[in-house]
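Understanding the architecture of this molecule
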Amino acid sequence: MGEAKSSINLNLKLPELFRDQAYVDGKWVEAKSGKRFDIVDPGSDRKFATCPDMAAEDVDDAVRAAHAAFQVFRTFTPRARADLLAKFDALIREHRDDLATILVYETGKPLAEAYGEIEYAASFTRWFAGEAERVQGTTFPAAIPGRRIFTIKQPLGVTAALVPWNFPIAMILRKASAALAAGCTMVAKPSPETPLSALTLAYLAEKAGYPKGVFNVMPTTLANTPALSEALCRHPLVKKVSFTGSTRVGKILSAHCADSLKKLTLELGGNCPFVVFDDANLDQACDALMSLKFRHAGQACITANRVYVQKGIYEKFANILAEKTRQLKVGHGIEKGTTMGPLTVPTGLGKVAEQVEDAKKNGGTVLTGGNRMSLGNGYFFEPTIITNASQCMKIASEETFGPLLALFPFDTEEEAVKLANDTSMGLASYCFTKNIDRMWRLFENLEAGMIGMNSGNSSAAEAPFGGIKDSGFGKESGKDVAINEYLITKTGTLTLEGQY
């Protein structure tokens, strides 16, 4: 292949890391159609790279390559799989500067946040390197004399990962690390906005020593995404699909997988509540909310969308939050000092603007922000706070995915729980109080898969990650539960002669 180049000077320390072809069966390839698509820097609206537009017709080759690789990779010992993941982890950390630069131009997030994502992402390669050697079977005492009952764990086979654009390195590694630790092979489909970081990971996986076909990456356009994803979900050799994205798409993929009863993990929408009580440490709550809400311009499934503040501290909390919000420096992610970048996709601007206008029409007040920003043609929106929010506003029921939060007043704990749970989604909830009895009640009564208790960060490699209700099912990360998503449990029953 010819040398891959970007029209923007990325100043990479190792230019070879920049890959702009699909990676299938250990080869850098083009789509069968020969078509390519543009990658756009959201901070400037400049096209800076292209990638092959893989389609449904390209899926079978990738899956068959992964299936052939699985026949060998499944025989690798747990120690060998752990060693490969450790080498992969070391290469990711070694090249974190270049990975961070690519991530900034793909997603728009500030450079400091890009480094943070890489550190977070690498925590999965490190964690699952250990998990590879912690897979264990069990024994069970039999009710019938002369019997022995036991189980073993075995890898599922070929898996598919369908990942979003907001945390493209972390989301691929959270899925791939568990799959590779278990002994599965993978075909990954990155988001059309962020294929380059996924292809960089494929390059590093190859350098780490993974055999051809074990890890494959298929970039594609938004137009081809539905058909390519359906082809992966319906392919008889694919045994497991893991998807992170919207609830609407998750339900479609679930239907695709149902015909062949494929194992499926869905990490879907959030619309997460953030509840602050009178007795909370307001600085602690504000600092947690700032990081949670405005990281990557609010484009995270676990971000706080609805902020419920007890009436006794409502005005004080709003003022503290507004002061901190006004200190954010909005700009291109690569610029020094930027603390909030653009939205990744231009359609996000319209949704945030629509929710702001709807809030104003329904009695809301814009405390700070509220407008689009003209910064070098990028997709920028001011960090925005709405006060006097009510349940009739769109922001109360629609996930925002942008730098907008609304403050809803409440009186009692019972009211706060009812409001927080008044959503079809249940990914994460957050609560701030110094009353330990109340905290425990909230932990049990809030309807979400993860509860942040005086904490705005519920995601870590060692903690199970996943939601309930319309936020999906299955777990990614955490001891035992995540790797078990890529394993089958096989039961053996042995009848002995001449033994009790």
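The following refers to the structure shown. Quantities reported herein were computed from a predicted structural model and do not represent experimental measurements.

**Observations regarding the sheet that holds strand E6 (residues 147–155)**
- Taking strand neighbours across the sheet as the criterion, the three strands line up as E5-E6-E24 in an open arrangement whose pairing is antiparallel. Either end of the sheet is taken by a strand with one partner, and the two such strands are strand E5 (138–140) and strand E24 (487–495). Put simply, the sheet's adjacent strands are angled 25° from each other on average, direction ignored.

**Overview of helix H13 (residues 436–445)**
- Of the residues making up H13, those classed as buried are Arg438, Met439 and Leu442. The buried residues of H13 occupy one face: seen down the axis, they fall within an arc of 100°. When the buried face of H13 is taken as reference, the exposed residues oriented beyond 90 degrees from it are Ile436, Asp437 and Glu444.
- Taken together, the buried residues of H13 touch helix H12 (413–420), strand E20 (428–432) and strand E21 (450–453).
- The backbone nitrogen of Asp437 has a side-chain oxygen 3.0 Å away, supplied by the residue at the start of H13, namely Asn435.

**Comments concerning a nonpolar patch on the surface**
- Residues Trp440, Phe443 and Met453 make up a contiguous nonpolar surface patch of roughly 300 Å² in combined accessible area.
- Tracing the backbone through its elements, the reader meets Met453 in strand E21.

**Examining the nonpolar core**
- Judged by nonpolar contacts, the single largest core of 72 residues is most densely connected at Phe88, Ile92, Tyr210 and Phe215.
- With eleven residues, the single largest contributor to this core is helix H5 (residues 168–182).
- When sequence neighbours within four positions are dropped, the list of residues in contact with Ile92 reads Leu99, Ile118, Ala122, Thr125, Leu173, Leu201 and Leu204.
- In this structure, Ala297, Ile313, Ile386 and Ala420 belong to the second largest nonpolar core, which totals 67 residues.

**Focus on the side chain of Ser197**
- You can see Ser197 is positioned in helix H6 (residues 195–208).
- Here the side chain of Ser197 touches Glu106 through a polar contact of 2.8 Å, side chain to side chain.
- Contact partners of Ser197, with chain neighbours within four places excluded, come to Ile102, Leu103, Glu106, Pro168 and Ile169.

**Comments concerning unusual backbone geometry**
- Here the phi dihedral of Asn11 falls at roughly 55°; this positive angle occurs in a residue that is not glycine.
- Under the relative-accessibility criterion, Asn11 is labelled exposed at 59%.
- Positioned with a positive phi, Asp45 is a non-glycine residue whose angle comes to about 60°.
- On the secondary structure map, Asp45 appears in the loop between strand E3 (36–41) and strand E4 (46–52).

Cut-offs used in this document
Residues numbered from 1 in each chain as written. Predicted model: local features only at pLDDT ≥ 70, side-chain atom pairs only at ≥ 80, totals over all residues. Heavy atoms only, no water. Pairing = 2+ DSSP bridges. Helix = DSSP H or I, 4+ residues; strand = E, 2+ residues; numbered from the N terminus. Axes fitted to C-alpha atoms, helices over the stretch in contact; angles between N-to-C directions. Buried < 20%, exposed > 50% of the residue type's maximum accessible area, 1.4 Å probe, protein only. Arc of directions from axis to C-beta. Contact = heavy atoms within 4.5 Å. Polar contact = N/O pair within 3.5 Å; in protein donor to acceptor, adjacent residues only side chain to side chain. Patch = residues over 30% accessible without salt bridge, like charges linked within 9 Å, V, L, I, M, F, W, Y side chains within 5 Å. Areas by Shrake-Rupley, 256 points an atom, 1.4 Å probe, with all protein chains shown as cover. Salt bridge = Lys/Arg side-chain N within 4 Å of Asp/Glu carboxyl O. Core = buried A, V, L, I, M, F, W, Y, C linked by side-chain atoms within 4.5 Å.

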